[in-house]
Amino acid sequence: MSGLTDKLKEGTHVERFHMHIGGASVEAASGEWFDSMNPATGEIWAQFPKADARDVNLAVKAAHRAFEDGAWPRLSASARGLLLHRLGELIAENAERLADLEVRDNGKLRVEMLGQMKYLPQWFYYYGGLADKVEGAVTPIDKPGIFHYISYEPLGVVAAIAPWNSPLLLAAWKIAPALAAGNTIVVKPSEFSSASTVYFAELVAQAGFPPGVFNVVTGFGLDVGEPLVKHPRVAKVAFTGSESGGRSVYLNAATDFKRVSLELGGKSANIVFADAALDDAVKGIVSGIFAATGQTCMAGSRLLVQREVHDEVVARLVDFMKTAKLGDPLDKSTNVGPVSTPPQLAKVLHYIDVARSEGATCVLGGERSRRPGCEKGLFVEPTIFTGVRNDMRIAQEEVFGPLLVVIPFDTEEEAVAIANDTPYGLAAGVWTRDLERALTLPKRLKAGTVWVNAYRVVSYMAPFGGVKASGLGRENGIRAIYEYLESKSVFINPKPGIANPFVLG
Ligand code: NAD
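Calculation criteria
Residues numbered from 1 in each chain as written. Predicted model: local features only at pLDDT ≥ 70, side-chain atom pairs only at ≥ 80, totals over all residues. Heavy atoms only, no water. Helix = DSSP H or I, 4+ residues; strand = E, 2+ residues; numbered from the N terminus. Buried < 20%, exposed > 50% of the residue type's maximum accessible area, 1.4 Å probe, protein only. Contact = heavy atoms within 4.5 Å. Areas by Shrake-Rupley, 256 points an atom, 1.4 Å probe, with all protein chains shown as cover. Lys, Arg positive; Asp, Glu negative; His and termini not counted. Charge placed at Lys NZ, Arg CZ, Asp CG, Glu CD. Salt bridge = Lys/Arg side-chain N within 4 Å of Asp/Glu carboxyl O. Pairing = 2+ DSSP bridges. Axes fitted to C-alpha atoms, helices over the stretch in contact; angles between N-to-C directions. Polar contact = N/O pair within 3.5 Å; in protein donor to acceptor, adjacent residues only side chain to side chain. Near = heavy atom within 4 Å. Nonpolar A, V, L, I, M, F, W, Y, C, P; charged D, E, K, R; others polar.

Engineer: I keep staring at the overall build of the chain and nothing clicks. Help me out?
Structural biologist: Looking only at helices and strands, one finds 16 helices and 21 strands in the chain. For the chain, the proportion of its 505 residues judged to be buried stands at 57%. Here the contacts in the chain between residues at least 6 apart in sequence split such that 72% fall between residues at least 24 apart. Of the accessible surface of the chain, which amounts to about 20700 Å², a share of 56% is contributed by carbon and sulfur atoms. Distance from the positive charge centre (52 side chains) to the negative charge centre (56 side chains) of the chain: 3 Å.

Engineer: How should I be thinking about the pattern of salt bridges in this particular structure?
Structural biologist: Side chains that differ in charge, positive against negative, can pair when their charged atoms come close. Evaluation of the coordinates by the stated rule reveals 30 salt bridges. For Arg 307, the salt bridge identified is with Asp 410, shortest N-O distance 3.0 Å. Here Arg 307, found in helix H12 (residues 307-322), pairs with Asp 410, found in the loop between strand E17 (403-409) and helix H15 (412-420); they are 103 residues apart in sequence, far enough to count as distant. Judged by its relative accessible area of 43%, Arg 307 is partly exposed. Owing to a relative accessible area of 37%, Asp 410 belongs among the partly exposed residues under this scheme.

Engineer: Help me understand the sheet that holds strand E14 (residues 302-306), please; the structure alone is not making it clear to me.
Structural biologist: Neighbouring strands of a sheet are bound in pairs by backbone hydrogen bonds; such pairs are parallel or else antiparallel. Spatially, seven strands are ordered E15-E16-E17-E14-E13-E18-E19 in an open sheet, and the strand pairing comes out mixed. With one partner strand each, in any of the chains shown, strand E15 (361-364) and strand E19 (449-452) form the two edges of the open sheet. The sheet shows a mean angle of 25° between the axes of neighbouring strands, direction not considered. Relative to strand E18 (residues 427-431), strand E13 (residues 269-272) runs parallel, the two sharing four bridges. Bridged to Ala 269 within E18 is Ala 428.

Engineer: It is not clear to me how the sheet that holds strand E4 (residues 33-38) should be interpreted in this structure. Could you clarify?
Structural biologist: Pairing in this open sheet of three strands is mixed, and the strands run E1-E5-E4 from one edge to the other. With one partner strand each, in any of the chains shown, strand E1 (15-16) and E4 form the two edges of the open sheet. With two bridges connecting them, E1 and strand E5 (residues 43-49) associate as parallel partners. Across the sheet, residue Arg 16 finds its bridge partner in E5, namely Gln 47.

Engineer: When you look at the side chain of Asn 183 in this model, what are you seeing that I'm missing?
Structural biologist: Position of Asn 183 among the secondary structure elements: in the loop between helix H7 (167-180) and strand E9 (184-188). Separated by 2.9 Å, the side chain of Asn 183 and the backbone oxygen of Ala 178 make a polar contact. Within the structure, the side chain of Asn 183 is placed 3.0 Å from the backbone oxygen of Tyr 484, a separation counted as a polar contact. Sequence-distant contacts of Asn 183, defined by excluding residues within four places in its chain, comprise Phe 67, Trp 72, Pro 154, Leu 155, Gly 156, Val 158, Ala 178, Val 213 and Tyr 484.

Engineer: How should the environment of Ser 76 be read in this particular structure?
Structural biologist: Following the sequence through the fold, Ser 76 ends up in the loop between helix H2 (71-74) and helix H3 (77-93). Spatially, the C-alpha atoms of Ser 76 and Ala 131 are 9.3 Å apart, while their sequence positions differ by 55 residues. From its side chain, Ser 76 meets the backbone nitrogen of Ala 79 in a polar contact 3.0 Å long.

Engineer: How do you make sense of the site of the ligand when you look at a structure like this?
Structural biologist: In the vicinity of the ligand lie 28 residues, with Ala 162, Glu 191, Ser 242, Leu 264 and Glu 398 positioned nearest. In this structure, Gly 241 approaches the ligand through a main-chain N or O atom, which is 3.2 Å from an oxygen atom. With the chains in place, 90% of the 840 Å² that the ligand exposes on its own is no longer accessible. For the shell around the ligand, a count of residues per class yields 13 nonpolar, 10 polar and five charged.

So, in structure tokens, the structure goes:
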């Protein structure tokens, strides 16, 4: 393994990472660098090239060259699949290292990030296996004497733009199907968490992908993300991030009619019926909102509880969360880590103020953590507000932090109406022992994913994405590869003798 990342050592000194363009490890054209802070300690631990439109242009050109000429377009689909499989193996071998990088950048618990990195190879095995199973079709065309077939072809250069909360996992949801389909790619990681993606680029090279097939450009949304989306040689943009970022991407991509998939935010309802196994429900509520410090798009941030068990569920929840240990994400006994970025800290604290000013009642937390060991980091106490109405801002707007609002309901009808009454539609949870309800309710919930007696389960096999302001398109599962393919319709007339076009019928 080569490059500066190889020199990464445990410790507090600042490491410099490079971008990857056209198979080379490079600095930004500007010669400038930006810092990445460790959210658990508040210290700057790494620097990345501060790229701009010039670097984006070089990366897209390299990706375009690799798509048009050279080894990549000549590879068989099976050979592409084997490369993806090899990449999966390298990720598995480097899972510890990748997890360390993620934790320093985004402050999530090491146990969670290690689990995520150990699971990540599955995306590359799955889409590697799928690469040579994309079959076209011969149609029974209604035109006499004409032979017609449909084939699927890669799009060209894919731009993948990722957020900071699960940086490499969410990039991989784009990278694996895009490469399996035969595209080339330029990845722009979040400015808050670029380390794992630039390290990953070294694994891509080591796996044997030809230069230019995979490129990484580091920097900020307006300097790198926007020029990437607007670049005329980019055929498709796959974006995960905020609603406002997604809107900007969608509008900019529209100018050239680029293909777009958007995985955006959520305000997902976790609905507990009185007949639920309440112990399980409480664990599901906790993992839905306090795991990853609430910084998941699918966070179950609105808890809807049937009125007869409302007080009991809230009491059990508060008791459970009082046992939570906040602190160093590297410590295996830590349950809740810091929020990941200073703007995110400010946003969570702002929404705590909003909840109070709207008249909600704080029954847990409600402040920046003052626990020993948490003073310098970006820690917020796990927070629960009761007495919330669904028309309050705190029930409608995405916070993306450890903040849960509790809304009581009486009937199933009312629960469905409240659950669906937000601009978002990413996910929902239902807790019930009623089989009929378990079978019928998912259809009525306007969300891309519904869990019954479970929460936050995802798989490379299961399509994931949102409706309404939660986005467009689906990642994961077999059909996700078609987000990176275009169908072509071919008509062949094998016999000479074309009819006179002026004589119809
Ligand atoms: P963000 O929108 O601020 O940034 C996401 C990425 O887009 C970053 O790399 C950023 O630099 C880039 N970017 C920002 N503005 C851009 C622009 N105008 N053009 C192009 N690129 C631009 O989001 P974030 O704060 O990094 O991530 C948190 C958000 O992501 C939350 O809203 C969360 O719900 C969402 N998210 C969604 C999913 C999902 O699968 N639906 C998963 C994780 C996170």
